[in-house]
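These are the residues of each chain, in order.
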Amino acid sequence: MRIVLDMDTGVDDAVAMVLAMNSPEFEVEAITTVAGNAPVVQCTRNSLLITELLRPGDPPPVAHGACEPLVQPLIIAPEVHGHDGLGGLLDSLPTPHHAADTRPAVELIAAIPHDGPDDVSLVASGPLTNLAIALRTDPTAMAAYRRIVIMGGAFDVPGNTGPVAEFNFYVDPDAASEVLNSGLDITIIPLDVTMSTALTRDALESLVRSGGRTDTQALAKPGRNLAAILYRALDYYMSFQEDESGLNGGFMHDALAVSAALFPSIITTRPASVEVVTSGPARGRSLVRPAVNGRTVNIAVGLDESMFHEILEERVLQPVWG
Ligand code: BDR
Ligand code: CA
């Protein structure tokens, strides 16, 4: 299965990228970046760095995308992901060797060749700005994607950006509204499922120890390999969560979206029409409403938690720290 990842490359996006690139079922065709967790320049740099560390000789193309939402001013999340999106440690790392693709993200998304209707899927784990622009400029190219899996929304749970909104939809609610009402084959992975289980610090530490790295302190120092970079990024991400809610761990929102593209049976879904509130105090809120023109999306409502943790262990934790 060929796949394109559109991301605002923060900590859980990075985990999702590792998962996708370590999955033999996937050929990662391209990574496109969008402003969200961090400014887009930083998201592009993070993506170049991680793809290079994973596949030094032959990284997939990384294309630079929208630097701000369609209408609203950009909001980033340094408290959750660090000022650079990777826990604030990139200043100590070298610049990636590869440059970004010369095409803008939207052009690359539209240029991916499709051998048939079931060929390429798209996973979006940031604000939906690039996808909305791609829909406006080349709806035929967007319709050629087999399925679009989107991390976003909060339905029957509180938001994580204010009381009612999920971050990706809050940052660019206009883009979310356009994309979800496009009539494309869309599956949404909302906070309702992504926050139903977490990667705990205990699980991470015990894996790191089982890999022979008894000295986790060593990993917490600046390092240039993926194990050190991702460990420190997760450390930052988990510390934020612990301060915020007492949970010593982190939600792997975006890795769940990639897992659902990989193994659709990991989630259960229900069809619904979704409205995203674009302004006012409920900005970014996602609501189920009666279908307009029969257009629906699939909302994930249930999750096979043990399968998700097995996937994380096999494709992220073991390869990186085992
Ligand atoms: C989403 O917001 C970002 O902070 C995460 O990367 C994830 O995509 C969760 O609301
Ligand atoms: Ca994200």
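Preceding block: the structure.
To start, this report covers the structure provided alongside it. (Residues numbered from 1 in each chain as written. Chains lettered and ligands numbered in written order. Predicted model: local features only at pLDDT ≥ 70, side-chain atom pairs only at ≥ 80, totals over all residues. Heavy atoms only, no water.)

1. Topic: the site of ligand 1
Quick note on the threshold: Here a residue counts as near a molecule or strand whenever at least one of its heavy atoms sits within 4 Å of it. Throughout this description, a polar contact denotes any pair of N or O atoms lying within 3.5 Å of each other; where both atoms belong to protein, one of them has to be capable of donating a hydrogen while the other can accept it, and for residues adjacent in sequence the pair is counted only when both atoms sit in side chains. Note on areas: these come from Shrake-Rupley sampling with a 1.4 Å probe, and a residue is covered only by the protein chains present in the view. Labels follow the DSSP assignment, with helices taken as runs of H or I lasting at least four residues and strands as runs of E lasting at least two, numbered in each case from the N terminus.
Near ligand 1 you find 13 residues, and of these Asp12, Asn37, Asn160, Glu166 and Asp254 are the closest. In the environment of ligand 1, an oxygen atom lies 2.6 Å from a nitrogen or oxygen atom belonging to the side chain of Asp254. Look at ligand 1: alone it shows 280 Å² of surface, and the protein chains cover 96% of it. Of all the secondary structure elements, the ones that give two or more residues to the shell around ligand 1 are helix H1 (11-21), helix H7 (167-171) and helix H13 (253-262).

2. Some remarks on a negative patch on the surface
Rules: Patch membership requires more than 30% relative accessible area and the absence of a salt bridge. Residues of like charge join within 9 Å; the nonpolar side chains Val, Leu, Ile, Met, Phe, Trp and Tyr join within 5 Å. What counts as a salt bridge is simple: a side-chain nitrogen of Lys or Arg found within 4 Å of a carboxyl oxygen of Asp or Glu. Just so you know, the count uses Lys and Arg for positive and Asp and Glu for negative, and it drops His and the chain ends. To locate a charge, take atom NZ for lysine, CZ for arginine, CG for aspartate or CD for glutamate.
Together, Glu79, Glu242, Asp243 and Glu244 make up a region of like negative charge exposed at the surface. Mapped onto the elements of the fold, Asp243 is located in helix H12 (residues 226-245).

3. Some words on helix H2 (residues 40-54)
Keep this limit in mind: For a helix, the expected span equals 1.5 Å multiplied by the number of residues minus one. Relative accessibility decides the category of a residue: with a 1.4 Å probe and only protein chains considered, values under 20% of the type maximum give buried, values over 50% give exposed, and everything between is partly exposed. Whether two residues are in contact is decided by their heavy atoms: any pair within 4.5 Å suffices.
For H2, with 15 residues, the first-to-last C-alpha span of 21 Å sits near the 21 Å given by 1.5 Å per residue. Most of H2 is tucked away, with 11 of its 15 residues classed as buried. Those residues of H2 not exposed but buried are Val40, Gln42, Cys43, Thr44, Asn46, Ser47, Leu48, Leu49, Ile50, Thr51 and Glu52. Lining the buried residues of H2 we find H1, strand S2 (27-33), strand S3 (62-63) and H12.

4. Let's talk about the pairing of strand S4 (residues 120-124)
On a regular strand, one side chain projects to one face of the sheet and the next to the other, so that they alternate. Quick note on the threshold: By the convention used here, strands pair only if DSSP detects at least 2 bridges between them.
Most of S4 is tucked away, with 5 of its 5 residues classed as buried. Because side chains alternate across S4, one face comprises the buried residues Val120, Leu122 and Ala124, and the other comprises Ser121 and Val123, equally buried. In terms of strand pairing, strand S1 (residues 2-7) meets S4 through 5 bridges, oriented parallel. Each residue of the ladder has a partner; that of Val4, found in S4, is Leu122. The pairing of S4 with strand S5 (residues 147-151) spans 4 bridges and is parallel. Paired with Val123 across the bridge in S5 is Val149.

5. Quick notes on the packing of helix H10 (residues 201-210) against helix H14 (residues 305-321)
Any two packed helices are characterised by the angle at which their axes cross and by the distance between the axes. Short version of the rule: Angles shown run from 0 to 180 degrees and are taken between the N-to-C directions of axes, each axis being a line fitted to C-alpha atoms and, for helices, limited to the stretch in contact. The cut-offs work like this: below 35 degrees is roughly parallel, past 145 is roughly antiparallel, 65 to 115 is roughly perpendicular, and the gaps in between are oblique. Take the far helix as your reference; a near helix turned counterclockwise from it by less than a right angle gives a left-handed crossing, and one turned clockwise gives a right-handed crossing. As a working rule, the residues Ala, Val, Leu, Ile, Met, Phe, Trp, Tyr, Cys and Pro are called nonpolar, Asp, Glu, Lys and Arg charged, and the rest polar, with Gly in that last group.
Orientation of H10 relative to H14, taken along the N-to-C sense of each, is 50 degrees, at an axis distance of 9 Å. With respect to H14, the axis of H10 lies oblique. Of the two elements, H10 crosses H14, and the hand of that crossing is right-handed. Residue-level inspection shows Leu204, Leu207 and Val208 of H10 in contact with H14, the latter providing Glu313, Leu317, Gln318 and Trp321. For the contact of H10 with H14, the residue count by class is 5 nonpolar, 1 polar and 1 charged.

6. Examining the sheet that holds S2
Strand pairing in a sheet relies on backbone hydrogen bonds, with the paired strands running either antiparallel or parallel. Judged by pairing direction, the sheet is mixed, and its 9 strands sit side by side in the order S3-S2-S1-S4-S5-S6-S11-S9-S10 without closing on themselves. One side of each edge strand has no neighbouring strand; the edge strands of this open sheet are S3 and strand S10 (286-289). H1 contacts S1 and S2 of the sheet and is inclined by roughly 170 degrees relative to S1. Seen against the sheet, H2 touches S2 and S3 and runs at an angle of roughly 155 degrees to S2.

7. Overview of the packing of H1 against H12
Running from amino to carboxyl end, H1 crosses H12 at an angle of 140 degrees, the nearest separation of the two axes being 9 Å. The orientation of H1 relative to H12 falls into the category oblique. Relative to H12, H1 is oriented so that their crossing is left-handed. In contact with Val11, Asp12, Ala14, Val15 and Val18 of H1, H12 contributes Leu226, Leu230, Ala233, Leu234 and Tyr237.

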